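Summary of structural features
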Amino acid sequence: MALDPALTQKILLKLDFRILPVFILFFFCSFLDRTNVGNAKTYKLEADLKMTDHQYDTGLAIYYVAYIASEIPSNLVLKKVSPKIWLPALTVTWGIVTMCLGFVRNYAGFLAVRAILGLTEGGLLPGMVLYLSGIYVRGEMALRLGILYTGAPLSGAVGGFLARGLTTIGQRGNQAKWSWIFIIEGLLTIVIGTVSYFILPNSVETASFLKPNERIHARNRLRLDMPTRRAQDHNEDIYEPFAWSEVIRGLTSPSTWLSASAYCGILVGLYSFGLFLPTIIVELGYTANQAQLWSVIPYAVASVITVTIAIVSDRLKIRGIIILFTLIPAIIGYAVIANIGTVHSKVKYGMTFLMSTGLYASVPCMLGWNSNNSAGHYKRATTAALQLSIANSGGFVATFIYPNKDKPLFHSGHTVVLSLLVFAWFMVALNVLYCWKVNRDKINGKYDKFIGYADDRDPDFVMIL
């Protein structure tokens, strides 16, 4: 079946302009609402709530407990409820919860609201990855995930400006100036979630902004991205029934566990970087307001490089091999910053550029890689959520490795992240070798018993390295 390239580009432009801006804003709000507590900390959040350093870290960690618990269940119900309803509903709900953080008065309230925030946010990223895998073909995923993921460093950049601006509201009655960070940013999330319901399509087949011939063309593109026999038989089974066997197949996927282990190491660096960068910059001699502004630049640079790397990954149709290169700058950055003193403040700040670009640029390829190598809706739903559940356990580590007592060097925290990034590099290398072996075994006939299965076990399905 030949496809018209001009029509394909026209459809992609329509899909991109309709979906990606919404998803960038989703992800922007998600990272903003989970890391704004780091900005609030620089404005005496701990002192006002009478929390110890350990209690603050516990409040960060409990977020990840709830976040991880919600990921797989959320992805399994997404198709039943429909993405058009489920994703906006999650966004509005966590926006409300974020606003509630602005009204907490003690440690118990902080702990409870952070836990609920994790429950409401957990389903977003796995849901978006699963949704995009049903809209775009495999060779288009990294760029879209890269564009989507710019919402994360963008939130870091804009979050600094917002924190500084919102705290100028100052003390108003019982509301401390840091509380306005949560209240206003939560309100922004609610507005974005509400508007998104009227923009997102459920699928290419129901996209009202596509003409009938464009919907057919978009459907055919997805069909041709499936194993050959499935495409020829027109057996894409878009209404695939739920089967626990597919969930189990996803839970036992070696490729998913290898990529998730690597991603966990990356996220320890990424989450701790976002939570503690303002504090690190303050310790370099800047005021709280200056720290918010100086934290913008590394995030901005990371956004540009993340999209560039994603474009290269899609063009070459490789994922893991790209990650092996993108991790190197982050490893160098942490190796240097962990072993120099505060007298080299400019060097330490320079290393944050290597750290941020290496961390953020690795993520779109990592997310796309796992999704690309899973076929069958419920297996893909499970592997996407499982990868993120395992990876987000890194949030526990991230919240405890930068205690106040380690200021200003944070040697132990940087060393932990450095070790985990080296571990991640080796896990990625092992997964590349595993995928290569599966492809070789398919060529040698070891997967012939799965001919006609029309999933990732089918010999026609080539694993992306």
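This section reports on the structure supplied with the text. Predicted, not measured: the structure shown is a model, and the values here were computed from it. (Residues numbered from 1 in each chain as written. Predicted model: local features only at pLDDT ≥ 70, side-chain atom pairs only at ≥ 80, totals over all residues. Heavy atoms only, no water.)

**Some words on the overall build of the chain**
Looking only at helices and strands, the chain features 20 helices and zero strands. The C-alpha atoms of the chain give a radius of gyration of 22 Å, which matches the 23 Å a tight globule of 465 residues would have. If you line up the chain on its principal axes, its C-alpha atoms span 65 × 45 × 40 Å. Taking all contacts inside the chain whose residues are at least 6 apart in sequence as the whole, residues at least 24 apart take part in 81%. For the chain, the accessible area works out to roughly 17600 Å², and carbon and sulfur atoms hold 68% of it. In the chain, 40 side chains carry a positive charge and 28 a negative one; their mean positions are 4 Å apart. (Helix = DSSP H or I, 4+ residues; strand = E, 2+ residues; numbered from the N terminus. Rg over C-alpha atoms; globule rule 2.2 N^0.38 Å. Contact = heavy atoms within 4.5 Å. Areas by Shrake-Rupley, 256 points an atom, 1.4 Å probe, with all protein chains shown as cover. Lys, Arg positive; Asp, Glu negative; His and termini not counted. Charge placed at Lys NZ, Arg CZ, Asp CG, Glu CD.)

**Remarks on the packing of helix H3 (residues 53-81) against helix H6 (residues 124-133)**
The interhelical angle for the contact between H3 and H6, taken along N-to-C directions, is 30 degrees, at an axis separation of 8 Å. One way to sum up the angle between H3 and H6 is to call them roughly parallel. Crossing of H3 over H6 shows right-handed handedness. Seen from H3, the contacting residues are Tyr67, Glu71, Asn75 and Leu78; seen from H6, they are Leu125, Pro126, Gly127 and Leu130. Classifying every residue of the contact of H3 with H6 gives five nonpolar, two polar and one charged. (Axes fitted to C-alpha atoms, helices over the stretch in contact; angles between N-to-C directions. Parallel < 35°, antiparallel > 145°, perpendicular 65-115°, else oblique. Left-handed = near helix turned anticlockwise from the far one by under 90°. Nonpolar A, V, L, I, M, F, W, Y, C, P; charged D, E, K, R; others polar.)

**Re the pattern of salt bridges**
All chains considered together, the criterion is met by eleven salt bridges. The partner of Arg219 in a salt bridge is Glu205, with the nearest N and O atoms 3.4 Å apart. Of this pair, Arg219 sits in helix H10 (residues 212-224) while Glu205 sits in the loop between helix H9 (179-196) and H10, and the two are 14 residues apart along the sequence. The class of Arg219 is partly exposed, set by a relative accessible area of 23%. When its relative accessible area of 24% is taken as the criterion, Glu205 is described as partly exposed. Three or more residues are tied together by salt bridges with common partners; here these are Glu246, Arg249, Lys379 and Asp456. (Salt bridge = Lys/Arg side-chain N within 4 Å of Asp/Glu carboxyl O. Buried < 20%, exposed > 50% of the residue type's maximum accessible area, 1.4 Å probe, protein only.)

**A short note on the layout of surface pockets**
The calculated volume of the second largest pocket comes to roughly 230 Å³. Looking at the second largest pocket, it is lined by 14 residues, and the ones nearest its centre are Arg249, Lys379, Tyr434, Asp456 and Arg457. Taken together, the elements giving at least two residues each to the lining of the second largest pocket come down to helix H13 (254-283) and helix H20 (411-443). Residue classes in the lining of the second largest pocket are distributed as six nonpolar, four polar and four charged. (1 Å grid on protein atoms, 1.4 Å probe; cavity = no way out; pocket = protein on both sides within 12 Å on 5 of 7 lines; lining within 4 Å. Points joined across faces, edges and corners; volume = space filled by probe spheres on them.)

**Brief notes about a nonpolar patch on the surface**
Taken together, the side chains of Val77, Val81, Ile85, Tyr197 and Phe198 present a nonpolar region at the surface, about 430 Å² in accessible area. Residue classification places Val81 among the partly exposed residues on the basis of a relative accessible area of 31%. (Patch = residues over 30% accessible without salt bridge, like charges linked within 9 Å, V, L, I, M, F, W, Y side chains within 5 Å.)

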